[in-house]
Amino acid sequence: MVTEIIEKLSSRNKTVAVAESCTGGMVCSMLVEKAGASACFAEGYVTYSNEAKEKNLGVSHAVLESFGAVSEQTARQMAEGVRRRAEADYGLATTGIAGPDGGTAEKPVGLVYIACAHPAGTEVERHVFYGSRTRVRTQAAESALHLLEKCMKKEQSL
C-alpha cells in the first residue's frame, strides 16, 4: 500500500505532510521506509502535547479546551494545519489514546481520530482499536495511510 501511495503521489507531483500524536512518528516512518518517498513526503510533526499542537499546527486553544486533544475537531485542525504549514497537497493527522492508561467511559483506550485534509475538503474517521499500546498505534498508522489512499482516489474522481 505505501509503495502505491508514493508512486501515485510522485506521478501526480503531489505532496503529503503528516501530524502525529498517538502514533508518535509511525506514519512518517512507514512512508520514508520506501524508496522514492523524498519525491512526495514534505514534512512531519510529532505533536504530543497540546502546546505543540497549538504552536506547530495552529490548533485552536478553544478547540482543545472544549473538545480535548482526542476529538474530531482536533484531528481536523491538525490535518488542515500541517497541510497549510507545509504547503502540501495532503495533510494527514492522528490523535488518540494508545493506552494502557488514559481512557475514560467517553474516550476509551484505543480511541483514535484520523484526518486527511486535501484540496476538496477534510475527511475525519473515528476508530476504536483493541490490543496492546503498540498494536493500537500500528493499527492507527495503517488506518491513516488507508485514509490518505481513499482521499487520493476521491480527489482523482472529482
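Summary of the structure given here.

About the criteria used
Residues numbered from 1 in each chain as written. Predicted model: local features only at pLDDT ≥ 70, side-chain atom pairs only at ≥ 80, totals over all residues. Heavy atoms only, no water. Pairing = 2+ DSSP bridges. Helix = DSSP H or I, 4+ residues; strand = E, 2+ residues; numbered from the N terminus. Axes fitted to C-alpha atoms, helices over the stretch in contact; angles between N-to-C directions. Buried < 20%, exposed > 50% of the residue type's maximum accessible area, 1.4 Å probe, protein only. Contact = heavy atoms within 4.5 Å. Salt bridge = Lys/Arg side-chain N within 4 Å of Asp/Glu carboxyl O.

1. Section: the sheet that holds strand β1 (residues 16–20)
Taken in spatial order, the 5 strands of this open sheet run β2-β1-β3-β4-β5, and their pairing is mixed. On the outer flanks of this sheet lie β2 (41–46) and β5 (121–128), each paired with one strand and no other. Neighbour-to-neighbour, the strand axes of this sheet turn through a mean angle of 10°, independent of strand direction. Bridge count for β1 against strand β3 (residues 90–96) is 5 bridges, and the pairing is parallel. From the neighbouring strand, Ala-17 faces β3, where its bridge partner is Gly-91.

2. Observations regarding the pairing of β5
Remark: a regular strand shows side chains that alternate across the two faces of the sheet. With 8 bridges connecting them, strand β4 (residues 111–118) and β5 associate as antiparallel partners. The partner of Tyr-113 across the bridge, within β5, is Arg-126.

3. Overview of the environment of Gly-103
Summarising the element assignment, Gly-103 is placed in the loop between β3 and β4. The class for Gly-103 is partly exposed, based on a relative accessible area of 36%. As for Gly-103 and Ala-52, which are separated by 51 residues in sequence, their C-alpha atoms are 21 Å apart. For Gly-103, the residues in contact, after removing those within four places along its chain, are Ile-97, Pro-108 and Val-109.

4. Quick word on the pattern of salt bridges
With the rule as written, the count across this model stands at 3 salt bridges. Arg-76 is the partner of Glu-72 in a salt bridge, and the nearest nitrogen-oxygen pair spans 3.3 Å. Placement of both Glu-72 and Arg-76 in helix α5 (residues 72–86) is noted, with a separation of 4 residues, approximately one turn of the helix. As a salt-bridge pair, Lys-154 and Glu-123 come within 3.0 Å of each other at their nearest N and O atoms. One end of the pair, Lys-154, is in helix α6 (residues 133–157); the other, Glu-123, is in strand β5, with 31 residues separating them in the sequence.

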